[in-house]
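Working through the structure, step by step
Each chain, letter by letter, is given below.
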Amino acid sequence: MTNYDDFREELMKDPEFRAAYEALEPEYAIRRQLLLARSQKHLTQEELANRIGIQRSSLARLESGNYNPSLCFLKKVAKGLGKKLVVTFEE
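Fair warning: this is a prediction, and the values are worked out from it, not measured in the lab. (Residues numbered from 1 in each chain as written. Predicted model: local features only at pLDDT ≥ 70, side-chain atom pairs only at ≥ 80, totals over all residues. Heavy atoms only, no water.)

Some points on the overall build of the protein chain
Secondary structure assignment for the protein chain yields six helices and zero strands. The secondary structure elements of the protein chain, listed N-terminal to C-terminal, are α-α-α-α-α-α. Computed over the C-alpha atoms, the radius of gyration of the protein chain is 16 Å, more than 25% above the 12 Å expected from 2.2 N^0.38 for a compact globule of 91 residues. Projecting the C-alpha coordinates of the protein chain onto the three principal axes gives extents of approximately 45 × 35 × 20 Å. Burial status across the protein chain gives 26% buried among its 91 residues. Sequence separation of 24 or more characterises 39% of the internal contacts of the protein chain that already satisfy a separation of 6 or more. With the model as given, the accessible surface of the protein chain reaches about 7200 Å², and the carbon-plus-sulfur share is 53%. With 15 positive and 14 negative side-chain charges, the protein chain shows a spacing of 13 Å between the two charge centroids. (Helix = DSSP H or I, 4+ residues; strand = E, 2+ residues; numbered from the N terminus. Rg over C-alpha atoms; globule rule 2.2 N^0.38 Å. Buried < 20%, exposed > 50% of the residue type's maximum accessible area, 1.4 Å probe, protein only. Contact = heavy atoms within 4.5 Å. Areas by Shrake-Rupley, 256 points an atom, 1.4 Å probe, with all protein chains shown as cover. Lys, Arg positive; Asp, Glu negative; His and termini not counted. Charge placed at Lys NZ, Arg CZ, Asp CG, Glu CD.)

Regarding the nonpolar core
Counting 13 residues, the largest nonpolar core has Leu34, Leu48, Ile54, Leu59, Leu62, Val77 and Leu81 as its most contacted members. Secondary-structure elements contributing two or more residues to this core are α3 (25–40), α4 (45–52), α5 (56–64) and α6 (71–80). Apart from residues lying up to four places away in sequence, Leu81 is in contact with Leu34, Ala37, Arg38, Lys41, Leu43 and Leu48. (Core = buried A, V, L, I, M, F, W, Y, C linked by side-chain atoms within 4.5 Å.)

A closer look at the pattern of salt bridges
All chains considered together, the criterion is met by four salt bridges. Measuring nitrogen to oxygen at the nearest pair gives 2.4 Å for the salt bridge that ties Glu25 to Arg32. On the basis of relative accessible area, Glu25 is assigned to the partly exposed category, the value being 26%. Taking the relative accessible area as the measure of exposure, Arg32 reaches 47% and is therefore partly exposed. (Salt bridge = Lys/Arg side-chain N within 4 Å of Asp/Glu carboxyl O.)

Focus on a nonpolar patch on the surface
A cluster of nonpolar side chains, namely Leu71, Leu85 and Val87, defines an oily patch on the protein surface of about 260 Å² accessible area. Relative to the assigned elements, Leu71 resides in helix α6. (Patch = residues over 30% accessible without salt bridge, like charges linked within 9 Å, V, L, I, M, F, W, Y side chains within 5 Å.)

Let's talk about the packing of aromatic side chains
Any aromatic ring pair is given by two values, namely how distant the centres are and how the planes are angled relative to each other. In the structure shown here, the tally under the stated rule is three aromatic pairs. Both rings, one in Phe17 and one in Tyr21, keep their centres 6.1 Å apart while their planes meet at 25°; by these two values the pair is stacked. Residue Phe17 and its partner Tyr21 are located together in helix α2 (residues 15–23), separated by four residues, close to a single helical turn. With a centroid separation of 5.3 Å and an interplanar angle of 80°, the aromatic rings of Tyr67 and Phe73 are classed as edge-to-face. Three or more aromatic residues joined by ring pairs make a cluster, and in this case those are Phe17, Tyr21 and Tyr28. (Phe/Tyr/Trp six-rings, centres within 6.5 Å; stacked < 30°, edge-to-face > 60°.)

Details of the environment of Glu47
Considering the arrangement of structural elements, one finds Glu47 in helix α4. Residues Glu47 and Tyr28, 19 residues apart in the sequence, show an inter-C-alpha distance of 23 Å.

Note that every value here comes from positions in space, so none of it alone points to a role or purpose.
Structure follows, in structure tokens:
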């Protein structure tokens, strides 16, 4: 049995899969950063949701990738984590 990295590497050889995966990278990056920051602060979803005045389910949808957040929502989340939201356009 192969591990996830080997499996993903094999899938990435397919140009169509690679393009689709890379198109979703910003969403994956937001989720990774949110999960890492929440973990580093030792906060549960419920605790962070209470800090920023939202339902825990909204945060859970964001973390699972089932929600396309607005910048306003992301700013709230960042503030609740004691962070600043930074958005960039890169070449």
